[in-house]
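Chain and residue survey
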Amino acid sequence: AQKITQTQPGMFVQEKEAVTLDCTYDTSDPSYGLFWYKQPSSGEMIFLIYQGSYDQQNATEGRYSLNFQKARKSANLVISASQLGDSAMYFCAMSSLYNNNDMRFGAGTRLTVKP
Amino acid sequence: DSGVTQTPKHLITATGQRVTLRCSPRSGDLSVYWYQQSLDQGLQFLIQYYNGEERAKGNILERFSAQQFPDLHSELNLSSLELGDSALYFCASSPEYRPYEQYFGPGTRLTVT
């Protein structure tokens, strides 16, 4: 069975600094995808970044990068140059590429950016 | 704006009642997913439709059902509502060329009193 673990219920970061949000996963599927979503206080879920299990390079999307360490089964999200608007809940998720509907989410990390 | 629309935004109803939540996927997306987000259970996958056909079921209760219509919009029907059904219900859609990329709607917040 797939499992996603986010061990940081809350994180604080100073504006303009970088922050890493942790995510570990467990799966027996050989092919899978890892995702990060942002949920601001307004409630919508915003897709941030995707990493495929066979991708050789770590995914990057603007200020977001995914530090993918397959052997350690970790997929940490790095946000560079934090902005006040980055304050939100962040969810790590995983799906099997054989069954992309079976998306499992972690419990989330609440990030607060301090001015 | 993800391009996925959901109505209504908020819904307040009493126990035992039945409600229908509506979702319109992004233009061109054939897959629609429904999720429930509650404080105690977190985000859970409920069901997926692809081009009108049910493709997969997750943790969906028997009191809940869904369908996807020929115009690809989808409805989630919740019946015999209980207090524990109070949650944020999301719809998401994904494109054919990148099926792993799910775009979420703004959600419907259901409150059962």
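Now for a description of the structure that goes with this document. (Residues numbered from 1 in each chain as written. Chains lettered and ligands numbered in written order. Predicted model: local features only at pLDDT ≥ 70, side-chain atom pairs only at ≥ 80, totals over all residues. Heavy atoms only, no water.)

Here's the deal with the interface of chain B and chain A
Contact with chain B, which involves 16 residues of that partner, is made by 13 residues of chain A. Each partner contributes to the roughly 1,400 Å² buried at the junction of chain B and chain A, and carbon and sulfur atoms together form 60% of this total. The largest share of the area that chain B buries against chain A comes from L43, Y100 and F104 of chain B, three residues that together contribute 40% of it. Those elements that provide at least two residues to the side of chain B that touches chain A are strand 4 (31–38), strand 5 (42–50), strand 6 (53–57) and strand 9 (87–94) of chain B. (Contact = heavy atoms within 4.5 Å. Buried area = accessible area lost by both parts, 1.4 Å probe. Helix = DSSP H or I, 4+ residues; strand = E, 2+ residues; numbered from the N terminus.)

Observations regarding the environment of V19 of chain A
Residue and element names in this part refer to chain A. Residue position: V19 is located in strand 3 (residues 19–21). The exposure class of V19 is buried, given its relative accessible area of 5%. Separated by 92 residues in the primary sequence, V19 and L111 place their C-alpha atoms 9.2 Å from one another. (Buried < 20%, exposed > 50% of the residue type's maximum accessible area, 1.4 Å probe, protein only.)

A word on the pairing of strand 11 (residues 108–112) of chain B
All names here are of chain B. Burial of strand 11 is one-sided: the residues T108, L110 and V112 facing one way are buried, the residues R109 and T111 facing the other way are not. Bridge analysis of strand 2 (residues 10–13) against strand 11 gives 4 bridges, and the strand direction is parallel. Residue pairing in the sheet places I12 in a bridge with T111 of strand 11. Looking at chain direction, strand 9 and strand 11 are connected through 3 bridges and run antiparallel. In the strand pairing of strand 11, L88 is matched with R109. (Pairing = 2+ DSSP bridges.)

Structural notes on the state of the cysteines
When the sulfur atoms of two cysteines share a covalent bond, that bond is a disulfide. Applying the stated criterion across every chain, the model contains 2 disulfides over all chains. Shown here is the disulfide that connects C23 of chain A with C92 of chain A, its sulfur atoms set 2.0 Å apart. Taking the sign of the S-S torsion, -65° for the link of C23 of chain A and C92 of chain A, the bridge is left-handed. Taken together, the residues C23 of chain A in the loop between strand 3 and strand 4 (24–26) and C92 of chain A in strand 10 (residues 88–96) connect sequence positions 69 residues apart. Of the two residues, C23 of chain A and C92 of chain A, both sit in the buried class. Each disulfide pairs two cysteine sulfurs, and for C23 of chain B the partner residue is C91 of chain B, the sulfurs being separated by 1.7 Å. Taking the torsion about the sulfur-sulfur bond, which here is approximately -45°, the covalent link between C23 of chain B and C91 of chain B counts as left-handed. Of the two residues, C23 of chain B is situated in strand 3 (residues 19–24) and C91 of chain B in strand 9; the sequence distance between them amounts to 68 residues. Here C23 of chain B falls in the buried class, since its relative accessible area comes to 0%. A relative accessible area of 0% places C91 of chain B in the buried class. (Disulfide = S-S within 2.5 Å.)

A few points about the environment of P95 of chain B
Residue and element names in this part refer to chain B. Take P95: it is sitting in the loop between strand 9 and strand 10 (103–104). For the pair P95 and L110, spaced 15 residues apart in the sequence, the C-alpha separation amounts to 27 Å. Residues contacting P95, with those up to four places away along its chain left out, are R26, D29, E101 and Y103.

A short note on the sheet that holds strand 1 (residues 5–7) of chain B
Paired through their backbone hydrogen bonds, the strands of a sheet run either parallel or antiparallel. Residues and elements named next belong to chain B. Pairing is antiparallel across the open sheet formed by 4 strands, whose spatial order is 1-3-8-7. Each edge of the open sheet is held by one strand with a lone partner, namely strand 1 and strand 7 (64–68). Neighbouring strand axes in the sheet, compared pairwise and without regard to direction, differ in orientation by 15° on average. The pairing of strand 3 with strand 8 (residues 74–78) spans 5 bridges and is classified as antiparallel. Counted as the bridge partner of L21 is L76 from strand 8. (Axes fitted to C-alpha atoms, helices over the stretch in contact; angles between N-to-C directions.)

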